[in-house]
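Residues per chain are reported as follows:
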Amino acid sequence: MIKFSNVQLGYGKRVVLNALNFEIQKGDFFGIVGPNGAGKTTLLKAILGLLKPVKGEINFLKNGKGHKKSIGYVPQHASVDEIFPVTTLEMVLMGRYAKMGIFKRPKNRDYKIANKMLKNVGMKNLSKRNYRELSGGQKQRTLIARAMVSEPDILILDEPVEGMDVQGEIAIMELIKVLHAEYSLTAILVCHDLNIVANYVKTLSIIHKNTLKLGPVDSILNEETMSKVYGTQVKIVNIDGQKAIISKLNE
């Protein structure tokens, strides 16, 4: 779906990531992790097309019409500007602008798709509620619906469970899991919570020392690798079929 060929990313003369050679396969659930400041946001910008490589190429699989596969982007809900009062439905309809044109009014098809997706994410009964009044979890569900109404091939999620309690985290991740399967999406998840990543993604990429190490989550997520990356002793245990990652500060 996406191929990085000898890519270097940075800002001006400052190199952030180097020698990136990897592919994100169609239908994968791809996780990106790494310490704060390692370059997760930089990599995300490159995938979104907001940052051009200093060197190398990033290629996207194209559809039958020769167009790049479409991307749906779910930002952190806290980063969304709430200065304008809009309803939940209106927020979701914003995701249709690329299809209908930014200066055109939504048509019946646009409303139908938006209402269907609100139902799919469990927000149909709050479609007329002011977006500002929603809880963090409800806002995140709304933003997921907004990304999905663009009918994407690739769904990118930036810290989708940031600031939520455990119950809220599980609810959002289970929703993403269902959408990933139902719509045959290629999902890309950026998340600092290793416990979330360990139990949901298929392929894990770890940013370490300005480059990327990746592989199937069960093979790459090991105590030795994680301890080196995060500079602390890491223990991985299995509790009722779920991986739990426990860290201990080095003495």
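Residues numbered from 1 in each chain as written. Predicted model: local features only at pLDDT ≥ 70, side-chain atom pairs only at ≥ 80, totals over all residues. Heavy atoms only, no water.

Our focus in this paragraph is the sheet that holds strand 4 (residues 55–60). With respect to topology, three strands assemble into an open sheet ordered 2-1-4, the strand pairing being antiparallel. Of all strands in the sheet, those with a lone pairing partner are strand 2 (14–24) and strand 4, marking the two edges. Strand-to-strand, the axes of this sheet are offset by a mean angle of 25°, without reference to chain direction. On top of the sheet, helix 1 (residues 40–48) reaches strand 1 (2–11), strand 2 and strand 4; it is set at about 125° to strand 1, its chief contact. (Pairing = 2+ DSSP bridges. Helix = DSSP H or I, 4+ residues; strand = E, 2+ residues; numbered from the N terminus. Axes fitted to C-alpha atoms, helices over the stretch in contact; angles between N-to-C directions. Contact = heavy atoms within 4.5 Å.)

Bringing unusual backbone geometry into the picture now. With a phi close to 55°, Lys209 is a non-glycine residue in the positive phi region. With respect to the helices and strands, the residue Lys209 is situated in the loop between strand 8 (203–208) and strand 9 (211–216). One non-glycine residue, Asp240, lies in the positive phi region at around 50°. Given the relative accessible area of 79%, Asp240 is considered exposed. (Buried < 20%, exposed > 50% of the residue type's maximum accessible area, 1.4 Å probe, protein only.)

Another aspect to go through is the sheet that holds strand 9. With mixed pairing, six strands are arranged side by side in an open sheet as 5-6-7-3-8-9. Where the open sheet ends on each side, the last strands, each with one partner, are strand 5 (71–74) and strand 9. The mean angle between the axes of side-by-side strands here comes to 15°, regardless of whether they run parallel or antiparallel. Note that strand 3 (residues 29–33) and strand 8 share four bridges and pair parallel. What sits directly across from Phe30, in strand 8, is Thr203. In the packing of helix 6 (residues 166–182) onto the sheet, contacts are made with strand 3, strand 6 (154–158) and strand 7 (186–190), and the angle to strand 3 comes to roughly 140°.

Here Ile58 lies in strand 4. With a relative accessible area of 17%, Ile58 lands in the buried category.

What follows covers the packing of helix 5 (residues 136–148) against helix 6. The geometry of helix 5 relative to helix 6 is characterised by a closest axis approach of 11 Å and an angle of 15° between their N-to-C directions. Taken together, helix 5 and helix 6 sit at an angle that is classed as roughly parallel. Helix 6 is crossed by helix 5, and the crossing has right-handed handedness. Facing Gly137, Gln140, Arg141, Ile144 and Met148 of helix 5, the residues of helix 6 in contact are Ala171, Ile172, Leu175, Ile176 and Leu179. Split by residue class, the contact of helix 5 with helix 6 holds seven nonpolar, two polar and one charged. (Parallel < 35°, antiparallel > 145°, perpendicular 65-115°, else oblique. Left-handed = near helix turned anticlockwise from the far one by under 90°. Nonpolar A, V, L, I, M, F, W, Y, C, P; charged D, E, K, R; others polar.)

Moving on, we get to the pattern of salt bridges. Applying the stated rule across the entire model yields six salt bridges. Where Glu224 meets Lys228, a salt bridge forms, and the shortest distance between an N and an O atom there is 3.5 Å. Separated by four residues within a single helix, Glu224 and Lys228 lie in helix 9 (residues 223–230), roughly one turn from each other. Its relative accessible area of 56% is what places Glu224 among the exposed residues. (Salt bridge = Lys/Arg side-chain N within 4 Å of Asp/Glu carboxyl O.)

Before going further, it helps to spend a moment on helix 6. Since one α-helical turn is 3.6 residues long, residues separated by three or four positions face the same way. Helix length check: helix 6 (17 residues) gives 24 Å between terminal C-alpha atoms against 24 Å at 1.5 Å per residue, within 8%. Listed in full, the buried residues belonging to helix 6 are Gly168, Glu169, Ile172, Met173, Leu175, Ile176, Leu179 and His180. Relative to the axis of helix 6, the buried residues are bounded by an arc of 155° and lie together on one face. Turned more than 90 degrees from where helix 6 packs its buried face, Val166, Gln167, Ala181 and Glu182 sit exposed. Turning to helix 6, the residues buried within the fold contact strand 3, helix 4 (108–120), helix 5, strand 6, strand 7 and helix 7 (194–200). Downstream of helix 6 by a residue or two, Ser184 has a phi angle that is positive, lying close to 50°. (Expected span 1.5 Å × (residues − 1). Arc of directions from axis to C-beta.)

Now for helix 1. Three or more residues of helix 1 are buried, namely Lys40, Thr42, Leu43, Leu44, Ala46 and Ile47. One or two positions beyond helix 1, positive phi appears at Gly49, with a value near 85°.

The tally for this structure, following the rule as stated, stands at two aromatic pairs. A ring pair is formed by Phe4 and Phe22, whose centres lie 4.4 Å apart and whose planes are at 15°; its orientation type is stacked. Taken together, the residues Phe4 in strand 1 and Phe22 in strand 2 connect sequence positions 18 residues apart. The residues Phe4 and Phe22 share a single accessibility class, namely buried. (Phe/Tyr/Trp six-rings, centres within 6.5 Å; stacked < 30°, edge-to-face > 60°.)

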